[in-house]
Amino acid sequence: DVTDGPLGLADLPLRPELRGVEPYGAPQLDVPVLLNVNENPVPPSAAVAREMGEAVAAAARGLNRYPDREFLDLRADLADFLALESGVRLPPEQVWAANGSNEVMLQVLQAFGGHGRTAVSFAPTYSMYPEYARDTGTRWVTGRREDDFTVDPSAAAALVEAEQPSVVLLASPNNPTGTALPAAVVEAVLAVAPGVVVVDEAYAEFRRAGVPSALELLADHPRLAVSRTMSKAFSLAGARVGYLASSPAVVDALRVVRLPYHLSAVTQAVARVALRHSAELLRGVADLRAERDDLVAWLRDLGLEVADSDANFVLFGRLADRHAAWQGLLDRGVLIRETGPDGWLRVSVGTPEETARFRGALADVLAGPA
Ligand code: PMP
């Protein structure tokens, strides 16, 4: 209204559940050591980056046209990668992709959630899940994880039986705790779930030896969907590529709700180059896993409580004043994440140099004022 000054949010017919809500996201600060959003600290190599540039240039010559809407070449490459990484071989029709696994999982809620329906997860867990539910009008219900952040299979099954959710979201390894779920938990949920069960394996490539992937359960469970991402293991967070493996029926449902041409030709080209180099990228993941295990051991030696981690980050506590510790680290040039239960902080595994800076800064902070 011209006379009342600039239009504010309050003047708009914002949905009531969005009133007063801040956009989700960690602070993006200009700090020397960034260990706050579980990125891969190692960028694509110069050779891979050059190849990506060439692939983008080739794609650019065709940008007057819409991209390949079904992107079956990319889906075939992703299927090849899953076979290499986990030994589970799927046809391209059982693989789907979108702009980050956040978009993939939002599509799952768009297809299977909605008014009058329920989605279930187990807290503490990834903070975007309730946003997918909110944005699709889906009722959101969480069970509790145990004190060690594991999920009790019978308690989980009981909650799913009671709530009859059309979607269950199980993060494994979980964010922010790093906890992977044994197959028994996923199977207990699948046995009683009336709808789709998503196992979010954004960090799966970082799991310790012997920890299974839910991909192994796909053959027997057509309502299981395993979500993955190129943001972490592939050092490709900036490209926004997430994907999902499930039955052809579940993929068909996602094809109904996706926007046409949602995955740009540039994105498809860049992702396919990265996938050509997956063996090299997985060698980098092995280094990060070793670095993670050293970091867990070091934090425990300090007398801290540390959650077992199958991811590229570590949750540690308990700090009497976690905000003061977080701020102390930031003052020393190290940005980590103030998330998880009170008293705990989460740090991503960086390069050896970055992790060394984190260790020095934390030792300093815990020593207190001189
Ligand atoms: N799932 C989990 C558990 C995550 O931690 C993240 C990223 N922080 C995502 C999904 C989404 O990642 P992306 O959209 O980059 O694939």
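Residues numbered from 1 in each chain as written. Predicted model: local features only at pLDDT ≥ 70, side-chain atom pairs only at ≥ 80, totals over all residues.

Novice: What should I look at first to understand the overall build of the protein in this one?
Specialist: For the protein, the helix and strand inventory stands at 11 helices and 12 strands. Against the compact-globule benchmark of 21 Å for 370 residues, the protein has a radius of gyration of 21 Å, which places it among compact chains. Reported as C-alpha extents along the three principal axes, the dimensions of the protein are approximately 65 × 65 × 50 Å. Burial statistics for the protein: of 370 residues in total, 45% are counted as buried. Long-range pairs, those at least 24 residues apart, make up 73% of the contacts in the protein between residues at least 6 apart in sequence. (Helix = DSSP H or I, 4+ residues; strand = E, 2+ residues; numbered from the N terminus. Rg over C-alpha atoms; globule rule 2.2 N^0.38 Å. Buried ≥ 20, exposed ≤ 12 C-beta atoms within 10 Å, placed from the backbone. Contact = placed C-beta atoms within 7 Å.)

Novice: When you look at the nonpolar core in this model, what are you seeing that I'm missing?
Specialist: Nonpolar side chains tend to gather and get buried jointly when the protein is soluble and globular. The biggest cluster of nonpolar side chains holds 105 residues, and the ones touching the most others in it are Val-108, Val-168, Leu-170, Val-189, Val-197 and Val-198. Two domains each provide a minimum of three residues to this core, namely domain 1 (2–45 + 280–367) and domain 2 (47–277). Here Val-198 is in contact with Met-105, Val-108, Val-167, Val-168, Leu-169, Leu-170, Ala-225 and Ser-227, once residues within four sequence places are set aside. (Core = buried A, V, L, I, M, F, W, Y, C linked by C-beta atoms within 7 Å. Domains from an automatic or database assignment.)

Novice: Is there a simple way to think about the domain arrangement of the protein in this case?
Specialist: One widely used convention gives an interface's size as the accessible area the parts lose upon coming together. Examined at the domain level, the protein breaks down into domain 1 (2–45 + 280–367) and domain 2 (47–277). Averaged C-alpha coordinates put domain 1 and domain 2 at centres separated by 22 Å. On the domain 2 side, the residues contacting the 29 residues of domain 1 number 30 residues. Mapped onto the side of domain 1 that touches domain 2, the elements with two or more residues apiece are α9 (278–301) and β10 (313–317). Here the element with the most residues in the side of domain 1 that touches domain 2 is α9; it accounts for 7 residues. Across the side of domain 1 that touches domain 2, the residue classes break down as 14 nonpolar, 7 polar and 8 charged. (Nonpolar A, V, L, I, M, F, W, Y, C, P; charged D, E, K, R; others polar.)

Novice: Would you mind going over the UniProt feature "domain: Aminotransferase class I/classII large" (unreviewed entry) in the protein with me for this structure?
Specialist: Per the UniProt annotation, the sites labelled "domain: Aminotransferase class I/classII large" (unreviewed entry) are residues 33–359. Helix makes up 41% of residues 33–359 and strand 16%, and the two end C-alpha atoms of the span are 12 Å apart. (UniProt positions renumbered as here; feature names shortened; annotations may be inferred.)

Novice: Hey, could you run me through the confidence of the model for the protein in this one?
Specialist: Low pLDDT means the predicted atomic positions in that stretch should not be read closely. With 99% of its residues at a pLDDT of 70 or more, the protein has an overall mean of 96. Confidence metrics for the complex model read pTM 0.97 and ipTM 0.99. (pLDDT = per-residue confidence, 0-100.)

Novice: Help me understand the packing of helix α1 (residues 46–60) against helix α8 (residues 265–276), please; the structure alone is not making it clear to me.
Specialist: Any two packed helices are characterised by how steeply their axes cross, that is the angle between the axes, and by the distance between the axes. Contact geometry of α1 with α8 gives a least axis separation of 9 Å together with a crossing angle of 145°. In this structure, α1 crosses over α8, and the sense of that crossing is right-handed. Within the contact between the two elements, α1 uses Val-48, Glu-51, Met-52, Ala-55, Val-56 and Ala-59 and α8 uses Ala-265, Val-266, Ala-269, Val-270, Arg-272, Val-273 and Ala-274. Taken together, the residues of the contact of α1 with α8 break down into 11 nonpolar, no polar and 2 charged. (Axes fitted to C-alpha atoms, helices over the stretch in contact; angles between N-to-C directions. Left-handed = near helix turned anticlockwise from the far one by under 90°.)

Novice: Quick question: what am I supposed to make of the sheet that holds β10 here?
Specialist: Within a sheet, each strand pairs with its neighbour through backbone hydrogen bonds, oriented either parallel or antiparallel. In space, the 3 strands of this open sheet follow the order β9-β10-β12, with antiparallel pairing throughout. Taken across any chain shown, the strands that pair with only one partner, and hence form the sheet edges, are β9 (305–306) and β12 (345–348). Pairing geometry for β9 and β10, over 2 bridges, is antiparallel. Note that in β10 the partner of Val-306 across the bridge is Phe-316. Relative to β10, α9 is tilted by about 5°, and along the sheet it contacts β9 and β10. (Pairing = 2+ DSSP bridges.)

Novice: Please explain the UniProt feature "modified residue: N6-(pyridoxal phosphate)lysine" (unreviewed entry) in the protein as it appears in this structure.
Specialist: As recorded in UniProt, the sites labelled "modified residue: N6-(pyridoxal phosphate)lysine" (unreviewed entry) are Lys-232. Tracing the sequence through the fold places Lys-232 in the loop between β7 (224–229) and β8 (242–245). Lys-232 gets classed as buried once you count the C-beta atoms within 10 Å, which come to 24. In contact with Lys-232, not counting residues within four places along its chain, are Asn-38, Asn-40, Ala-202, Tyr-203 and Asn-312.

Novice: What is the right way to read the pairing of strand β6 (residues 196–200) from this model?
Specialist: Counting buried positions along β6 yields 5 of 5 residues, so the element is predominantly enclosed. The alternating pattern of β6 places Val-196, Val-198 and Asp-200 on one face and Val-197 and Val-199 on the opposite face, and all of these are buried. Strand direction decides the pairing type here: strand β5 (residues 167–171) and β6, joined by 5 bridges, are parallel. Following the sheet pairing, Leu-169 is matched in β6 by Val-198. Where β6 and β7 come together, 4 bridges link them in parallel fashion. Among the inter-strand pairings, Val-197 is bridged to a residue of β7, identified as Leu-224.

Novice: Whenever I open this one, helix α11 (residues 352–367) confuses me. Can you help?
Specialist: Since the α-helix packs 3.6 residues into each turn, any two residues three or four apart lie on the same face. In a regular helix each residue adds 1.5 Å, so 16 residues correspond to 22 Å; α11 covers 22 Å between its end C-alpha atoms and thus fits that length. Those residues of α11 hidden inside the fold are in contact with β1 (33–34), α9, α10 (322–331), β11 (334–335) and β12. Residue Gly-368 follows α11 closely and has a positive phi angle near 80°. (Expected span 1.5 Å × (residues − 1).)

Novice: Any chance you could explain the sheet that holds β8 here in plain terms?
Specialist: Read from one edge of the open sheet, 7 strands run β2-β8-β7-β6-β5-β3-β4, paired in mixed fashion. Lying at the two open borders of the sheet, with one neighbouring strand each, are β2 (95–98) and β4 (139–144). Each strand of the sheet is rotated relative to its neighbour by a mean of 25°, with strand direction disregarded. Where β2 and β8 come together, 4 bridges link them in antiparallel fashion. Residue pairing for β8: Ala-97 is matched across the bridge by Tyr-243.

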